[in-house]
Amino acid sequence: MLLGAGSDSEDVTQEAFVKAYRKLSRYRGDSSFRSWLLAIVANETRNLHRSRGRRDGLVLRAAAADPTSEIAEDGAVGAVLAGERREALVGALRQLPVRDREVIVCRYFLDLTEEETVAALGWPRGTVKSRTSRALAKLRGLLEREEVRHG
C-alpha cells in the first residue's frame, strides 16, 4: 500500500474511500480524480504512521520500565526498528521535489508499470525513465546521509 500501510492497507483504503465520498463536493477537477483519491489515501497512511509511532514509543517505554515483561520481547524491538526504517524512508521521500516523489510512489509504492506511470502522471515515457533514475539516486543519497547522521 502507498507509503507502507502494510497489513492495515485495507483499513486505510476503506477509510480513504469514506473520506473521499464525504469530500466529493470538494473535488475541483484541478487534477485527475485518481490523483485526488491517491492524495487522500496518502494522508490516511500518514495518519496511520503517526499513530504507529506513538504506539511503538509506548511499547519501548513499557519495555524499559519492565524488561522482564513479554512486551520486551524481540518482536516489539523488531517492530520498532522496522518502523524507524519506514519513517526514515518516508522522511527522505518528503524531502524530494514533488515530481520525483510522484514517480517513486507510482513505480515502487503503488507498483505501477512504466506504462501505467506514464498514463497516471501524463508524462512522456522518456521523462518517466529519466526522472525515476534521478529520483532514486537522490533518495539513495538522502538515506545514506540519514544513516551516517544516526550511525
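Peer 1: Please clarify how the overall build of the protein should be interpreted in this entry.
Peer 2: Scanning the protein from terminus to terminus reveals 6 helices and 0 strands. Reading the helices (α) and strands (β) of the protein from amino to carboxyl end gives α-α-α-α-α-α. Residue burial in the protein is summarised as follows: out of 151 residues, 29% are buried. Excluding contacts between residues fewer than 6 apart, the proportion of contacts in the protein whose partners are at least 24 apart in sequence is 61%. Approximately 9800 Å² of the protein is accessible, and the part contributed by carbon and sulfur atoms is 53%.

Peer 1: Explanation requested: the side chain of T117 in the structure shown.
Peer 2: Note on placement: T117 falls in helix α5 (residues 114-121). For T117, a relative accessible area of 0% corresponds to the buried category. When residues no more than four places from it in sequence are discounted, the contact partners of T117 are V103, C106, R107, L112, G122 and V128.

Peer 1: Explanation requested: unusual backbone geometry in the structure shown.
Peer 2: Glycine aside, negative phi is the norm for most residues, and most peptide bonds take the trans geometry. Residue D111 is not a glycine yet carries a positive backbone phi of 60°. With respect to the helices and strands, D111 occurs in the loop between α4 (98-109) and α5.

Peer 1: Looking at this structure, how should I read the pattern of salt bridges?
Peer 2: Opposite charge on two side chains allows them to pair when their charged atoms are near. As enumerated under the stated definition, the model contains 4 salt bridges in all. A salt bridge links D100 to K138; its shortest N-O distance comes to 2.6 Å. Remark: K138 occurs in helix α6 (residues 125-150) and D100 occurs in helix α4; sequence separation between them is 38 residues. Overall, K138 belongs to the partly exposed group, its relative accessible area being 37%. A salt bridge links R125 to E115, with the shortest nitrogen-to-oxygen separation between them at 1.8 Å. Taken together, the residues span a long stretch of sequence, with R125 in helix α6 and E115 in helix α5 at a distance of 10 residues. A residue is classified by how much of its surface remains accessible, and E115, at 44% relative accessible area, is partly exposed. What you see here is one network of salt bridges that share partners, running through D100, R131 and K138.

Peer 1: Looking at this structure, how should I read the confidence of the model for the protein?
Peer 2: Atom-level detail of predicted coordinates should not be read off regions where pLDDT is low. Here the protein shows a mean pLDDT of 76. Residues at 70 or above account for 71%. Here residues 1-5 scores under 50 on pLDDT; set against residues more than four positions off or in separate chains, the count is 30 contacts.

Peer 1: Looking at this structure, I do not really get the nonpolar core. What am I missing?
Peer 2: Nonpolar side chains tend to gather and get buried jointly when the protein is soluble and globular. In this structure, L93, L96, V103, I104 and L139 are the most contacted members of the largest nonpolar core, which totals 16 residues. With 5 residues, the top contributor of residues to this core is α4. In terms of nonpolar packing, the next biggest core, distinct from the first, is built from 8 residues, V12, A20, L37 and L48 among them.

Peer 1: Looking at this structure, how should I read α4?
Peer 2: An α-helical segment advances 3.6 residues per turn. Residues three or four places apart therefore align on the same side. D100, V103, I104, V105, C106 and F109 are the residues of α4 that are buried. Just downstream of α4, D111 is the residue with a positive phi angle, here 60°.

Peer 1: Explain the packing of α4 against α5 to me, please; I cannot follow it from the model alone.
Peer 2: Orientation of α4 relative to α5, taken along the N-to-C sense of each, is 140°, at an axis distance of 9 Å. Considering the angle they form, α4 stands oblique to α5. Where α4 crosses over α5, the two elements pack in a sense that is right-handed. Listed contacts from α5 to E102, V103, C106 and R107 of α4 are E114, T117 and L121. Classifying every residue of the contact of α4 with α5 by side-chain character gives 3 nonpolar, 1 polar and 3 charged.

How each quantity is defined
Residues numbered from 1 in each chain as written. Predicted model: local features only at pLDDT ≥ 70, side-chain atom pairs only at ≥ 80, totals over all residues. Heavy atoms only, no water. Helix = DSSP H or I, 4+ residues; strand = E, 2+ residues; numbered from the N terminus. Buried < 20%, exposed > 50% of the residue type's maximum accessible area, 1.4 Å probe, protein only. Contact = heavy atoms within 4.5 Å. Areas by Shrake-Rupley, 256 points an atom, 1.4 Å probe, with all protein chains shown as cover. Salt bridge = Lys/Arg side-chain N within 4 Å of Asp/Glu carboxyl O. pLDDT = per-residue confidence, 0-100. Core = buried A, V, L, I, M, F, W, Y, C linked by side-chain atoms within 4.5 Å. Axes fitted to C-alpha atoms, helices over the stretch in contact; angles between N-to-C directions. Parallel < 35°, antiparallel > 145°, perpendicular 65-115°, else oblique. Left-handed = near helix turned anticlockwise from the far one by under 90°. Nonpolar A, V, L, I, M, F, W, Y, C, P; charged D, E, K, R; others polar.

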